[in-house]
Amino acid sequence: MRTHTCGELTKTHIGKTVQLCGWIRAIRTHGGVKFIDLRDRYGITQIVFNSSNKDMYDKISKLGKESVIQAKGNAQKRKAGPNPALATGDIEVIVEKFKVLSKAESLPMEIDDEITSTDETRLKYRYLDLRRPCMLNNFVMRHNVITAAREFFNNHKFLEIETPMLVKSTPEGARDYVVPSRVNPGKFYALPQSPQLYKQLLMIAGFDRYYQLARCMRDEDLRQDRQPEHTQLDFEMSFVNQDAILAFVQGLYKHIFKKVLGMNMDDFPAFTYKEAMNKFGTDKPDLRFGLEISDVTFAAKKSEFGVFKNAECVKCLNPAKEFSRKEFDKYTEFCKKVGAHGLVYGKVTDKGIDSSISKFLSVDIQNEIIGFANAKNGTSLLFIADTEIKANKVLGQLRLKLADDLKLRDDSYKFCFVNDFPLFSWNEDEKKWEPEHHMFSMPKEEFVKDFENRPEEVVGDLWDVVLNGLELGSGSIRVSDPKIQERIMNFVGIDHKEAMEKFGFLLQAYKYGGPVHGGMGLGVDRLVALMVGQTDIREVIVFPKNKNAECPMDGSPSEINKEQMKELGLKPA
């Protein structure tokens, strides 16, 4: 139906007869001539209708924007001069014949990057929203990222294998989406939260290196970086340690950024969980700016200031700015909102620290604190005195607030790894220990013998990869010894009977020889969103759900009829 796309005609096509198909993006009338921007996925070509052909001119005049036409004509040099904004800006097509393929009604939203509709309108008419150039570019980027990733995996001897979508319900932290079985009344499948157990079985099967573009479904509350279903680059490797997997992941991301954006990425720094929490107040550090947390406990506790003396620790941030009293008050209120009792502050001068608490700090102590914080004259010091956990948390959030206010972030991409996470975390509400990531992660060797006796100390062979303050994926060396796996399950409250009911197939499989192996699930949606400058992953998911986990476009989730309910053995709520 077309000889060319709307994005490929150049000066070399002048004088040739061409046939195009596309959507009418814009119509302009000037001096008895209609100029139409015809758009398809590949670009825009200006086509021209002269009033000398009255029937054709009248026919095109009745069409509105976004109508679909086929146009045949002669490519000529653009009379008004080149349009540098278009790849086809040197030419225009003088239409000799055209056909209406689909007439568009009045549009419920503008197909324009500069005019933003409400989120609900965009989701309801998503097929129109996707016509906007910025949205098309997002999905071209997504395609290119996935293509580059597949290329890297394939070049490293991985096998792309699809694991089941209807699986056994084995909760992994979030609620399962369940599917009733018609042929097995009263029984249910679950939709996979991840391919975790199946990829472990593939390693037991001897496949050595597996990957897939995995769809993962989790019934959890939504926010900007979460949806009921998401996509991850899931992989597993046999006979590897943590260093080998991190080196592979670094190579993967370097390849993607070089291939897709033409960027050479630096090596990724690695922090232990403790280092990340102490330096940045979070296990997802944004490295696009400095402003690290300084521990001044040693000096501060020697002072006569009771708040410092009686605290478990004293930590501070040193923004390179001398704040006013009004600004100090603003940050004090912010810290209180995120859990602090208050904020102690001061200015760094050539005489020491100018603060309401200076009288409690000797000159030597002031200089010591300034030294620990590596603070310069004309800057500010913001102190939190509390438990180490609380001080890190508050200063971590204050650090991000300051980055926003002082515009410290740039448009670079800064990766890092965070490893040596605690294997277990304490659930205060339920008064029990839970897996920090998941129960299939191996404790470090020195904790294997007696982890039940010192759970608060246990470090796991597990890690995250982080980009610009967002976690892109988690990974670990898996528990390949069924006896250790049962011990971990028992410790987190899954007794032998329940373990066999839910995970017996996995524990049985490891009895027949399982390799040491590990892997990761790397978020595709978050990665692509960051690469196109977005924070909301809905911008890179073709048909996402709204905050109520609904799709305004197709009306899902929806009710099913009585016959279907009866067939599945279900009763109305």
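Residues numbered from 1 in each chain as written. Predicted model: local features only at pLDDT ≥ 70, side-chain atom pairs only at ≥ 80, totals over all residues. Heavy atoms only, no water.

## Quick notes on the overall build of the protein chain
Within the protein chain one finds 16 helices and 22 strands. In terms of its C-alpha atoms, the protein chain occupies a principal-axis envelope of roughly 95 × 70 × 50 Å. Within the protein chain, contacts between residues separated by at least 24 positions form 66% of all contacts whose residues are at least 6 apart in sequence. Surface exposure of the protein chain reaches about 29,100 Å², of which carbon and sulfur atoms provide 50%. The positive charge centre, built from 83 side chains, and the negative charge centre, built from 82, are 6 Å apart in the protein chain. (Helix = DSSP H or I, 4+ residues; strand = E, 2+ residues; numbered from the N terminus. Contact = heavy atoms within 4.5 Å. Areas by Shrake-Rupley, 256 points an atom, 1.4 Å probe, with all protein chains shown as cover. Lys, Arg positive; Asp, Glu negative; His and termini not counted. Charge placed at Lys NZ, Arg CZ, Asp CG, Glu CD.)

## Section: helix α4 (residues 133-155)
In this model α4 runs 33 Å from its N-terminal to its C-terminal C-alpha over 23 residues, within 8% of the 33 Å that 1.5 Å per residue would give. Buried-residue contacts for α4 involve α2 (119-124), α3 (126-129), β9 (209-217), β10 (229-238), α6 (242-261) and α15 (524-531). Following α4 by one or two positions, Lys157 has its phi on the positive side, about 65°. (Expected span 1.5 Å × (residues − 1).)

## Quick word on the nonpolar core
Core analysis: the biggest nonpolar cluster contains 75 residues, and Phe235, Ile245, Tyr253, Ile256, Phe415, Leu527 and Met531 have the highest contact counts within it. In contact with Leu527, other than residues within four places in its own chain, are Val145, Tyr253, Ile256, Phe257, Leu467 and Leu472. Grouped together as the second largest cluster of nonpolar side chains are 21 residues, Ala300, Cys316, Ala373 and Ala385 included. (Core = buried A, V, L, I, M, F, W, Y, C linked by side-chain atoms within 4.5 Å. Buried < 20%, exposed > 50% of the residue type's maximum accessible area, 1.4 Å probe, protein only.)

## Quick notes on the side chain of Lys545
With respect to the element layout, Lys545 can be found in the loop between α15 and α16 (562-567). Side-chain polar atoms of Lys545 contact the side chain of Glu229, separated by 3.4 Å. Residues in contact with Lys545, not counting those within four places in the same chain, are Leu123, Gln227, Pro228, Glu229, Arg538, Glu550, Cys551 and Ser556. (Polar contact = N/O pair within 3.5 Å; in protein donor to acceptor, adjacent residues only side chain to side chain.)

## Structural notes on the sheet that holds strand β5 (residues 91-102)
Strand order in the closed barrel formed by five strands is β1-β2-β3-β5-β4, with mixed pairing between adjacent strands. When strand polarity is set aside, the average angle formed by the axes of neighbouring strands in this sheet is 55°. Here strand β3 (residues 43-50) runs beside β5; their pairing, made up of two bridges, is parallel. Note that in β5 the partner of Val48 across the bridge is Ile94. Against the sheet, helix α1 (residues 54-61) contacts β1 (17-30), β2 (33-40), β3, β4 (68-77) and β5, and its axis sits at roughly 65° relative to β5. (Pairing = 2+ DSSP bridges. Axes fitted to C-alpha atoms, helices over the stretch in contact; angles between N-to-C directions.)

## A look at α6
The end-to-end C-alpha separation of α6 is 28 Å, in line with the 28 Å expected for 20 residues at 1.5 Å each. Of all the residues in α6, the buried ones are Gln242, Ile245, Leu246, Phe248, Val249, Gln250, Leu252, Tyr253, His255, Ile256, Phe257 and Val260. In this structure Asn241 caps α6, since a side-chain oxygen of it lies 3.3 Å from the backbone nitrogen of Asp243. Immediately downstream of α6, the backbone of Gly262 shows phi near 70°, a positive value.

## Re the pairing of strand β14 (residues 344-349)
Burial of β14 is one-sided: the residues Val344, Gly346 and Val348 facing one way are buried, the residues Tyr345, Lys347 and Thr349 facing the other way are not. In this structure, the hairpin formed by β14 and strand β15 (residues 352-354) is closed by a connection of two residues.

## Some remarks on the packing of α4 against α6
Contact geometry for α4 and α6: axes closest at 9 Å, N-to-C directions at 135°. Classed by the angle they form, the pair α4 and α6 counts as oblique. Where α4 crosses over α6, the two elements pack in a sense that is right-handed. Across the interface between the two elements, Met141, Asn144, Val145, Ala148, Ala149, Glu151, Phe152 and Phe153 of α4 pack against Phe248, Gly251, Leu252, His255, Ile256, Lys259, Val260 and Leu261 of α6. Of the residues belonging to the contact of α4 with α6, the class tally is eleven nonpolar, three polar and two charged. (Parallel < 35°, antiparallel > 145°, perpendicular 65-115°, else oblique. Left-handed = near helix turned anticlockwise from the far one by under 90°. Nonpolar A, V, L, I, M, F, W, Y, C, P; charged D, E, K, R; others polar.)

## Observations concerning the packing of aromatic side chains
Within the structure shown, the criterion is met by 30 aromatic pairs. Centroid distance Phe323 to Phe328: 5.8 Å. Interplanar angle 85°. Geometry classified as edge-to-face. A relative accessible area of 0% means that Phe323 is categorised as buried. Over the ring of Phe98 we find Lys59, and its NZ or CZ is 5.4 Å from the ring centre. The positively charged end of Lys124 is found above the aromatic ring belonging to Tyr125, 5.7 Å away from the centroid. (Phe/Tyr/Trp six-rings, centres within 6.5 Å; stacked < 30°, edge-to-face > 60°. Lys NZ or Arg CZ within 6 Å of the ring centre and 35° of its normal.)

## So, the packing of helix α10 (residues 325-337) against helix α12 (residues 388-405)
Interhelical geometry of α10 versus α12 gives an angle of 135° and a closest axis separation of 10 Å. Taken together, the axis directions place α10 and α12 in an arrangement best described as oblique. α10 and α12 meet at a crossing whose hand is right-handed. Residues Lys330, Tyr331, Phe334 and Cys335 of α10 form the contact with α12, whose own contacting residues are Val394, Gln397, Leu398, Lys401, Leu402 and Asp405.

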